[in-house]
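Fold and geometry: a report
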Amino acid sequence: MADIAELTALIEPEVKALGFDLVRIKLFGSGDEYTLQIMAERPETKQLVIEDCATISRRLSDVLDEVDPIEEAYRLEVSSPGIDRPLTRLHDFMEWAGHEAKIAAIEAVAGRKSFRGLLNGVEGENILFTDAKAGDVVIPFAMVGDAKLILTDALIAASMPLSSDGADEFETEE
């Protein structure tokens, strides 16, 4: 299977050249059913619209076809990180401070590997976090295995869509 660091070195400059930030690259699957998932966002809005996904997909398809860095057959999927987005970069923990999140550490931190609570920001290479059970903890970024925001009303309010064009309209009966 392809190396994520090599894929990142190939993909990130292409995404940046289009004016987007790369959020995550993930290659998953087995047998003959692999998916290369690319999550990206506009730096100013933290979102993508469908046209942005298509633009990135076309650019990456051309590059990936030319370089062919993945031996197995795969499907390319380009998407926005979504409202309950993964937190993959240190600055994500700062930008989303004040929101609830789940963090899974790769090794025990303060006697725990699983945290759920409030992001309080970043200090150096450490995430400041208030866990619902353990209280205030400092989690080294290097120890984060997986992290994502938790869907709350506050997160929904902070993540209003750029446009509702194309969204289904529903009529209600009174």
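On a predicted model such as this, the values are computed, not experimentally measured, just so you know. (Residues numbered from 1 in each chain as written. Predicted model: local features only at pLDDT ≥ 70, side-chain atom pairs only at ≥ 80, totals over all residues. Heavy atoms only, no water.)

Here the focus is the packing of aromatic side chains. Two measures describe an aromatic ring pair: the distance that separates the ring centres and the angle between the ring planes. Evaluation of the coordinates by the stated rule reveals two aromatic pairs. For the ring pair F93 and F141, a centre distance of 6.0 Å and an interplane angle of 75 degrees mean the geometry is edge-to-face. Separated by 48 residues along the polypeptide, F93 in helix α3 (residues 90–95) and F141 in the loop between β7 (135–140) and β8 (144–149) bring together distant segments of the chain. You can call F93 buried: its relative accessible area is 0%. The ring centre of F28 lies 5.8 Å from the NZ or CZ of K26, which sits over that ring. (Phe/Tyr/Trp six-rings, centres within 6.5 Å; stacked < 30°, edge-to-face > 60°. Helix = DSSP H or I, 4+ residues; strand = E, 2+ residues; numbered from the N terminus. Buried < 20%, exposed > 50% of the residue type's maximum accessible area, 1.4 Å probe, protein only. Lys NZ or Arg CZ within 6 Å of the ring centre and 35° of its normal.)

Residues in a regular strand point their side chains to alternate faces of the sheet. Where strand β2 (residues 33–41) lies against strand β3 (residues 74–79), six bridges are found, and the strand directions are parallel. By the bridge assignment, L36 is partnered in β3 with L76. Each parallel crossover has a hand, and the one from β2 via helix α2 (residues 50–67) to β3 is right-handed. (Pairing = 2+ DSSP bridges. Right-handed = clockwise from strand over helix to strand, strands pointing away.)

For the rest of this paragraph, the subject is the pattern of salt bridges. Within the structure shown, the criterion is met by 11 salt bridges. Among the salt bridges present, the one from R42 reaches E44, with a minimum N-O distance of 3.7 Å. Given the relative accessible area of 26%, R42 is considered partly exposed. K46 is the salt-bridge partner of E95, the closest N and O atoms lying 3.1 Å from each other. Placement of the pair is E95 in helix α3 and K46 in the loop between β2 and α2, with a sequence separation of 49 residues. Here the salt bridges do not stand alone but share partners, grouping E41, K46, R85, R89, D92 and E95 into one network. (Salt bridge = Lys/Arg side-chain N within 4 Å of Asp/Glu carboxyl O.)

Right, let's talk about α2 for a bit. For α2, with 18 residues, the first-to-last C-alpha span of 26 Å sits near the 26 Å given by 1.5 Å per residue. Taken residue by residue, α2 has D52, C53, I56, L60, V63 and L64 as its buried positions. Each buried residue of α2 lies within a common arc of 105 degrees when the element is viewed along its axis, so the set occupies one face. Residues of α2 that are exposed and point over 90 degrees away from its buried face: I50, E51, R58, D62, D65 and E66. (Expected span 1.5 Å × (residues − 1). Arc of directions from axis to C-beta.)

That is the geometry; function is a separate question.
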